[in-house]
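# Secondary and tertiary structure notes
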Amino acid sequence: MMHFKTIPEDYVRKASQCAQVALGCSRAAHQTALRGATVVNPQLAALTPKVRAFVERSAALCQPEHVHVCDGSDAEAGALLQLMQHQGALKRLPKYDNCWLARTDPADVARVESRTFICSEQERDVVPVARAGQKSALGNYIAPPDYDREVAERFPGCMRGRTMYVIPFSMGPVGSPLSKIGVEITDSPYVVYSMRVMTRIGSKVLEALRKDESFVRCLHSVGTGGVQGWPCDPQRTIILHRPADNEIVSYGSGYGGNSLLGKKCFALRLGSVLARREGWLAEHMLIVGVTDPKGRKRYIAAAFPSACGKTNLAMMTPTLPGYKVECVGDDIAWMKFDENGVLRAINPENGFFGVAPGTSEATNPMAMATVFKNTVFTNVAETSDGGVWWEGMGKAPEGITDWKGQPWDPSKKTPAAHPNSRFCSPAEQCPIIDENWESAEGVPISAILLGGRRPSGVPLVVEARDWQHGVFMGAAMRSEATAAAEHSGKVIMHDPFAMRPFFGYNFGEYLKHWLSMQKPGRQLPKIFHVNWFRKDEQGKFLWPGFGENSRVLDWVLKRCENESAYTETPLGYVPSEGALNTEGLGDIDMKQLFSIPKDFWLQEADAIEKYFKQEVGEDLPKEMWEELNKLRKNVH
Ligand code: GTP
Ligand code: SPV
Ligand code: MN
C-alpha cells in the first residue's frame, strides 16, 4: 500500500505568508500549551475553555504535526485546495468554475453501517429489548469499556506528520434557536473543505460559542493506509457515538456520512436523542415549498431512504402547469411544534451531498444548474475536456476516465461513475432555493410523505387515516437496498421512517415519541405513503416519476385544503377515480399502479409482524399492534 505524503514544511510557511492563514502552529508550540505554559498560538488562545480542552486532549492523543483552527475564510479554503492538489487528493475540473474531483480508495465509497455503533450505559437505551445481546437490524450497541478500547486501539499517534484541523460548525443558521453547534477535529483537508460546504463553519461559530459554551465533540481521523491522495483504513473503520456525552468518534473513512460528522452522526443519531429529550423531531427528510396555481404555498417534508429520491423531490421541476417547487433542504429536517401548534422545520445543513448517477437535465435540471460551480465531485467519471460524467447524465462522450482513474471501456459493463458517487455543492447556489430556507423559526409543515423503492404491491400514493396510522406507515416502511451503504443486491429491507441506519436510541421509544406528538391544540400534518418505483412484469417503472411526481403533490396539497376526492381502501385513502391529474401523461396503467393485491398484503402484514416481534418486542407501542391488526382485517 502506498503511503500518504506528509505536508511539506515550507508549504505551511508559504501558505501562512501568502494567504494570511497560519495553516498550523508547530507541535512544539502546542506542546508548550499542553504543559500549561504561556500559550504561544493565538489560534488556541481564541478558543473557549471547553473547545480548547477538547483540542488539547485530542492533540495529545493523536500527536499531529500541526494544529489549525479553521476560520472559514475564503483564503483558508484556497489554501486547502492548493494543499489537496499538491497531495494529489483533488484535481481541478477546468471545464467548470471552481470544481474539483476526488477519487477515493475503492474500499472507501459509502457509509459502513456494520461498523457504526451507539454507546450507552444500557443496551436497551440503544436497541429494543427483543434483540438484547444479539445483532440488531435497528442499530449497533457498544458498551462503554468497548468504546474506550476501540478508541485506544486506533487514535494514539494517528495524526503523526499531519495537520489536525479544528472545525467549529453550526447545524442550522448560526444563532438560530433551533441550531446546534459542533466542533469537528479531523486530519483530512477534504473533510474540512466539505464541511465548509455542508455546514456553517469558522470564526462566527466560535463567536456563538462564547455565548453558549455547549457543543458536540466530533473527533475524526482517516487513519493510516489507503491509496495515493486518499488515506483511509477500511479494515479498521469505526464510527462511534456516545449521545450522553455529546461525543462522536470516527476512524478510518473519509467518505460522506462516515466523516462529515455534522450530517448523519450529529444531525440524526445524536440529533434524534436530543430531539426526544427536548420534545422535537430529527428526521431523514427533505423539505420543499410547493405553490399551487392559486398562489397558495405549503411546505412538505418527506422521508425516503438513502438514494430513494429526496434530492430529486427537493428540487423538482413540476410538469403540472402553474405549480412551483422551492427547496429548503434535501436530506435532513429538524422539526418542532411552535407555541401555536404548528410544526416548524429547519434544514440544519448548508449544502447538498447528492447522488450523481441519474442526475440529468431531464430528471433534475435544478440540480444540474446547481452543481457546476464551487463543487467537489467524488468518484464520478472524468471526461477528456476536464468535465464530469456519470450514468444517466446522457450519452457518454469518448475518452472517459472511470472513477478509479482508469480509461473506461463501455463494453465491459463496469460503471464509469461509482453508483454512490456524489456532488457536494453549496445550497445557496440552487436556483430554486426557498426564500425561507435559512429562516430562524423554520417553515410550517403541512404534510409528511414517507416512501421507498417498492417494485411491487405498493400503490403510488396512500393517505394515512390519522396520525397513529401514519406512524404505523412509517414503522412499516420497507425499501430495496441501495448503494449508499455497503449492502449488496436488491433485497427489500425494512427501513422505518428511512431512519434504520440513523436511530440514536431504541426504535420502540422513537415510535412512542412520534405518537406523543399528537397533543390537543396541535395542527398535525397529514401523512402519506408514496412509491415512485412500482414496476410492471417486464421490470419497467409504471410511473414516470421526477417532475411528474408533481401530480401526486397536487393531490396531497388538495387533501390539505380538503378539496380533493378520496376513496377508502384497506391501506388508507387513495385518490378517487379522476382525482389524480393524469392529463397529458399518455399511456399509464393506473389500475396496476393503484392495485392492492390481497396475497401481497397478507404477506406484507406477516413480514411486518415478524419484524416487530424479532426486532422490537415489548418495546413496540401497543398502537402499532392495533394498526397491524386493522391492516390484516382490512385486507382480508
Ligand atoms: P441520499 O442522498 O442517499 O439520502 O439519497 P436521496 O434520497 O436524496 O436520493 P436521490 O434524489 O439522490 O435519488 C437517488 C436515485 O433515485 C437517483 O439515481 C435518481 O435518479 C433516482 N430517482 C429519484 N427520483 C426518482 C423517481 O421519481 N423515479 C425514478 N424512477 N427514479 C428516481
Ligand atoms: C445517505 O446515505 O443517506 C446520504 C449520504 O445522504 S451520507 O452522507 O453518506 O450519509
Ligand atoms: Mn441521506
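One can find the structure itself at the top, above this paragraph.
Quick summary incoming for the structure in this document. (Residues numbered from 1 in each chain as written. Chains lettered and ligands numbered in written order. Predicted model: local features only at pLDDT ≥ 70, side-chain atom pairs only at ≥ 80, totals over all residues. Heavy atoms only, no water.)

## Section: the overall build of the protein
Secondary structure summary: the protein contains 18 helices and 32 strands in total. Over its C-alpha trace the protein gives a radius of gyration of 24 Å, about what one expects of a compact globule, namely 26 Å for 636 residues. Counting only residues that meet the buried cut, the protein has 62% of its 636 residues in that class. When contacts within the protein are restricted to residue pairs at least 6 apart in sequence, long-range pairs at least 24 apart make up 74% of them. Taken as a whole, the protein presents about 24,000 Å² of accessible surface, with 50% of it coming from carbon and sulfur. (Helix = DSSP H or I, 4+ residues; strand = E, 2+ residues; numbered from the N terminus. Rg over C-alpha atoms; globule rule 2.2 N^0.38 Å. Buried < 20%, exposed > 50% of the residue type's maximum accessible area, 1.4 Å probe, protein only. Contact = heavy atoms within 4.5 Å. Areas by Shrake-Rupley, 256 points an atom, 1.4 Å probe, with all protein chains shown as cover.)

## What about the pattern of salt bridges?
Applying the stated criterion to the full structure yields 48 salt bridges. In this structure, Glu247 and Arg242 form a salt bridge, with 3.7 Å as the shortest nitrogen-oxygen distance. In this pair, the class of Glu247 matches that of Arg242, namely buried. Here Arg344 ties to Asp338 by a salt bridge, and the two come within 3.0 Å at their closest N and O atoms. Given a relative accessible area of 18%, Asp338 falls into the buried group. Salt bridges linked by common partners bring Asp146, Arg149, Glu150, Glu153 and Arg154 together as one network. (Salt bridge = Lys/Arg side-chain N within 4 Å of Asp/Glu carboxyl O.)

## Overview of the coordination of the manganese ion (ligand 3)
Ligation of the manganese ion (ligand 3) by protein atoms is provided by Lys264 (NZ), His284 (NE2) and Asp331 (OD), these donors lying 2.1 to 2.6 Å from the ion. Around the manganese ion (ligand 3) sit six donor atoms; with metal-centred angles ranging over 65 to 175°, the donor geometry is irregular. The buried category is assigned to His284, whose relative accessible area is 0%. (Donors = N, O, S within 2.8 Å, 3.2 Å for Na, K, Ca; no water. Tetrahedral: all angles 85-135°; square planar, octahedral: opposite > 155°, others 65-115°.)

## A closer look at the site of ligand 2
Around ligand 2, the surrounding shell consists of Arg111, Gly256, Gly257, Lys263, Lys264, His284, Ser306, Asp331, Phe353, Arg422 and Ala484. In this structure, Lys264 approaches ligand 2 through a side-chain N or O atom, which is 2.6 Å from an oxygen atom. In the model, an oxygen atom of ligand 2 is placed 3.4 Å from a nitrogen or oxygen of the Asp331 side chain. Compared with its free state, where it exposes 280 Å², ligand 2 has 98% of that area covered by protein. (Near = heavy atom within 4 Å. Polar contact = N/O pair within 3.5 Å; in protein donor to acceptor, adjacent residues only side chain to side chain.)

## What to know about the packing of helix H13 (residues 467–475) against helix H18 (residues 622–635)
With their axes 9 Å apart at the nearest point, H13 and H18 run at an angle of 85° to one another. Classified by the angle their axes make, H13 and H18 are roughly perpendicular. Contacts between H13 and H18 involve Gln468, His469, Val471, Phe472 and Ala475 from the former and Glu623, Met624, Glu626, Glu627, Leu628 and Leu631 from the latter. Taken together, the residues of the contact of H13 with H18 sort by class into six nonpolar, two polar and three charged. (Axes fitted to C-alpha atoms, helices over the stretch in contact; angles between N-to-C directions. Parallel < 35°, antiparallel > 145°, perpendicular 65-115°, else oblique. Nonpolar A, V, L, I, M, F, W, Y, C, P; charged D, E, K, R; others polar.)

## Observations regarding the site of ligand 1
Lining the immediate environment of ligand 1, one finds 21 residues, of which Ala307, Lys310, Thr311, Asn312 and Arg422 sit closest. Within the contact set of ligand 1, an oxygen atom lies 2.8 Å away from a backbone nitrogen or oxygen of Thr311. Between Asn312 and ligand 1, the recorded distance is 2.8 Å, taken from a side-chain N or O atom to an oxygen atom. When ligand 1 sits alone it has 660 Å² of accessible area, and the protein chains cover 92% of it. Residue contributions to the shell around ligand 1 peak at three residues, all from helix H11 (residues 310–314).

## Here we look at the packing of aromatic side chains
Between two aromatic rings, the relevant description is the distance of the centres plus the angle of the planes. Taken as a whole, this structure holds 27 aromatic pairs when the rule is applied. Judged by centre distance (4.7 Å) and plane angle (70°), the rings of Phe503 and Tyr510 are edge-to-face. The exposure class of Tyr510 is buried, given its relative accessible area of 2%. Three or more aromatic residues joined by ring pairs make a cluster, and in this case those are Trp467, Phe497, Phe503, Tyr505, Phe507, Tyr510 and Trp514. Between Arg242 and the ring centre of Tyr147, over which it is positioned, the NZ or CZ distance is 4.1 Å. (Phe/Tyr/Trp six-rings, centres within 6.5 Å; stacked < 30°, edge-to-face > 60°. Lys NZ or Arg CZ within 6 Å of the ring centre and 35° of its normal.)

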